[in-house]
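# Observations on the model geometry
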Amino acid sequence: MSRPIIASISRSAFAHNLQQVRQAAPKARLWAVIKANAYGHGLLTAATALASADGFAILTLDDALRLRGAGWQKPVLLLEGVFSAEDYEVCAAHDLTPVIHDERQLRWLDGAQLSRPLAIYVKINTGMNRLGLAPESLTSSLQRLRQMTQVRELTLMTHFALADVDGGTAAQFAVFQRASAGSGLPACLANSAAILSARATHADWVRPGIMLYGSSPFADRTASELGLQAVMTLSSELIAVQSVRAGDTVGYGGRFVAERPMRIGVVACGYADGYPRHAPDGTPILVHGRHTRLIGRVSMDMLTVDLEHIPEAAPGSPVELWGSQVPVDAVAASAGTISYELLAALAPRVARRST
Ligand SMILES: *Cc1c(COP(=O)(O)O)cnc(C)c1O
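Presented here is a report on the structure given in the accompanying data block. (Residues numbered from 1 in each chain as written. Predicted model: local features only at pLDDT ≥ 70, side-chain atom pairs only at ≥ 80, totals over all residues. Heavy atoms only, no water.)

### Description of the overall build of the chain
Each helix and strand counted, the chain has 11 helices and 18 strands in total. The dimensions of the chain, computed from C-alpha atoms along their principal axes, are 75 × 40 × 35 Å. The proportion of buried residues among the 355 residues of the chain is 52%. The long-range share in the chain, meaning contacts at least 24 apart out of those at least 6 apart in sequence, stands at 62%. As displayed, the chain offers around 15,500 Å² of accessible surface, 51% of which is attributable to carbon and sulfur atoms. For the chain, the centre of its 32 positive side-chain charges and the centre of its 30 negative side-chain charges are spaced 3 Å apart. (Helix = DSSP H or I, 4+ residues; strand = E, 2+ residues; numbered from the N terminus. Buried < 20%, exposed > 50% of the residue type's maximum accessible area, 1.4 Å probe, protein only. Contact = heavy atoms within 4.5 Å. Areas by Shrake-Rupley, 256 points an atom, 1.4 Å probe, with all protein chains shown as cover. Lys, Arg positive; Asp, Glu negative; His and termini not counted. Charge placed at Lys NZ, Arg CZ, Asp CG, Glu CD.)

Structure follows, in structure tokens:
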């Protein structure tokens, strides 16, 4: 028998969330962002479930080739562009759409001999100060790109640093509009938070990530309030039950001290599975269909839970770490992080099962 931990991936939740994006941004085309192994859900599982998207946005040529190998013929966007000059020919051979975010990538493209011209996304740094050409240099960069025989079509893009805050896109959006005015080019700006809260930024293409997986991009609005459904349910089982006395401690460092006699469940899930080691006592978890709390420090392969009010729980009882009943956002908030990190860090050793 295999270890009972498993990540179930719901195709119907993927379809539902994709529909929510379409409803929120009805006029825009949609890049489904499936970088980082589709936020931990499995690249090809996500690609299959999201096949009605207009394109897939990813990071690496490896992932692009896996998508092409699986028969995906629609656009593929490389969010950070190429990492070496030779990569442009791979882009041409497989009709991939690279981002250009700096002068080095521009020069590589200018010097490339390609089997066919490329669609290019030109990224503008509107204030996040991570990737992107300076707005002042856009006009001259576009002039160069328009003269290159390596280029078939151009789209402008930027990325928001503050889309999860009320009005947080306004300053960057203004910079984008000023820089792109008169270019006549299509635009792609909005991530999940901007799709849901900043209609003005939707433009021609949107780039949803987290909302497709059924998690909220906002700290103050839950996924269910946004009409999103959890795609991943991470579940496992109790593999042992302990009875402790008042004053006994549980786990490494003796972090949890029992105030009275109680029953403790041991779950087959630890930080080597991707569960956050820094999750404190009180982090929500579901055992035998009942809501309870994590207690004691998370170990590499196990964690411990309070069974005080779940007398029916026994070895073999089902546990939901996060998913349809325990929002991954709630676990993340308790552990002082965001759902993106928990989902993307789900360990390869955890089997994914598409349901
Ligand atoms: C990851 C990413 C997205 C998706 O962001 P979400 O917050 O998950 O919707 C969009 N655009 C870029 C450039 C990204 O890197």
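### Section: helix H6 (residues 103-111)
Turning to H6, its buried residues number three or more, namely Gln105, Leu106, Trp108 and Leu109. An end-on view of H6 places all buried positions within 165° of arc, on one side of the element. Where the residues of H6 are buried, they touch helix H5 (87-93), strand E5 (97-100), strand E6 (118-123), helix H7 (138-147) and strand E7 (151-157). (Arc of directions from axis to C-beta.)

### Topic: a negative patch on the surface
There is a patch of like negative charges on the surface, built from Asp164, Asp166, Asp220 and Glu225. Take Asp220: it is sitting in the loop between strand E9 (205-206) and strand E10 (232-244). With relative accessibility at 63%, the residue Asp220 sits in the exposed group. (Patch = residues over 30% accessible without salt bridge, like charges linked within 9 Å, V, L, I, M, F, W, Y side chains within 5 Å. Salt bridge = Lys/Arg side-chain N within 4 Å of Asp/Glu carboxyl O.)

### Looking at the pattern of salt bridges
Scanning the model with the defined rule gives 14 salt bridges in all. For Asp54, the salt bridge is made with Arg22, and the minimal N-O distance between the two is 2.9 Å. Here the residue Asp54 occupies a position in the loop between helix H3 (43-49) and strand E3 (55-58), and Arg22 occupies one in helix H1 (residues 11-24), the gap between them amounting to 32 residues. As a salt-bridge pair, Arg260 and Glu308 come within 2.6 Å of each other at their nearest N and O atoms. Of this pair, Arg260 sits in the loop between strand E12 (256-257) and strand E13 (262-267) while Glu308 sits in the loop between strand E16 (303-306) and strand E17 (318-322); the two residues are 48 residues apart in sequence, bridging distant segments of the chain.

### A look at the environment of His202
Tracing the backbone through its elements, the reader meets His202 in the loop between helix H9 (192-197) and E9. Along the chain, His202 and Ala25 lie 177 residues apart, while their C-alpha atoms are 6.5 Å from each other. Sequence-distant contacts of His202, defined by excluding residues within four places in its chain, comprise Ala24, Ala25, Ala28, Ala190, Ala194 and Ile195.

### A few points about the site of the ligand
Every one of the 13 residues lining the ligand counts as a neighbour, but Lys35, Tyr39, Ser192, Ile210 and Tyr340 are closest to it. At 2.6 Å from an oxygen atom of the ligand is found a side-chain nitrogen or oxygen belonging to Lys35. Between Arg207 and the ligand, the recorded distance is 2.8 Å, taken from a side-chain N or O atom to a nitrogen atom. Bound to the protein, the ligand loses 91% of the 390 Å² it would expose on its own. Broken down by class, the residue content of the shell around the ligand amounts to 7 nonpolar, 4 polar and 2 charged. (Near = heavy atom within 4 Å. Polar contact = N/O pair within 3.5 Å; in protein donor to acceptor, adjacent residues only side chain to side chain. Nonpolar A, V, L, I, M, F, W, Y, C, P; charged D, E, K, R; others polar.)

### Some details on the pairing of E6
When you tally the buried positions in E6, you get 6 out of 6 residues, the bulk of the element. Residue alternation in E6 divides its side chains into two sets, Leu118, Ile120 and Val122 and Ala119, Tyr121 and Lys123, and both sets are buried. You can see the chain leave E5, run along H6 and come back into E6, and the turn it takes is right-handed. Sheet topology note: the E6/E7 ladder contains 6 bridges and is parallel. Looking at the pairing, Val122 lines up with Leu156 of E7. Between E6 and its parallel partner E7, the chain crosses via H7, and the hand of that crossover is right-handed. (Right-handed = clockwise from strand over helix to strand, strands pointing away. Pairing = 2+ DSSP bridges.)

### Describing the environment of Arg130
As for its position among the elements, Arg130 is in the loop between E6 and H7. Distance in space between the C-alpha atoms of Arg130 and Val257 is 45 Å, their sequence separation being 127 residues.

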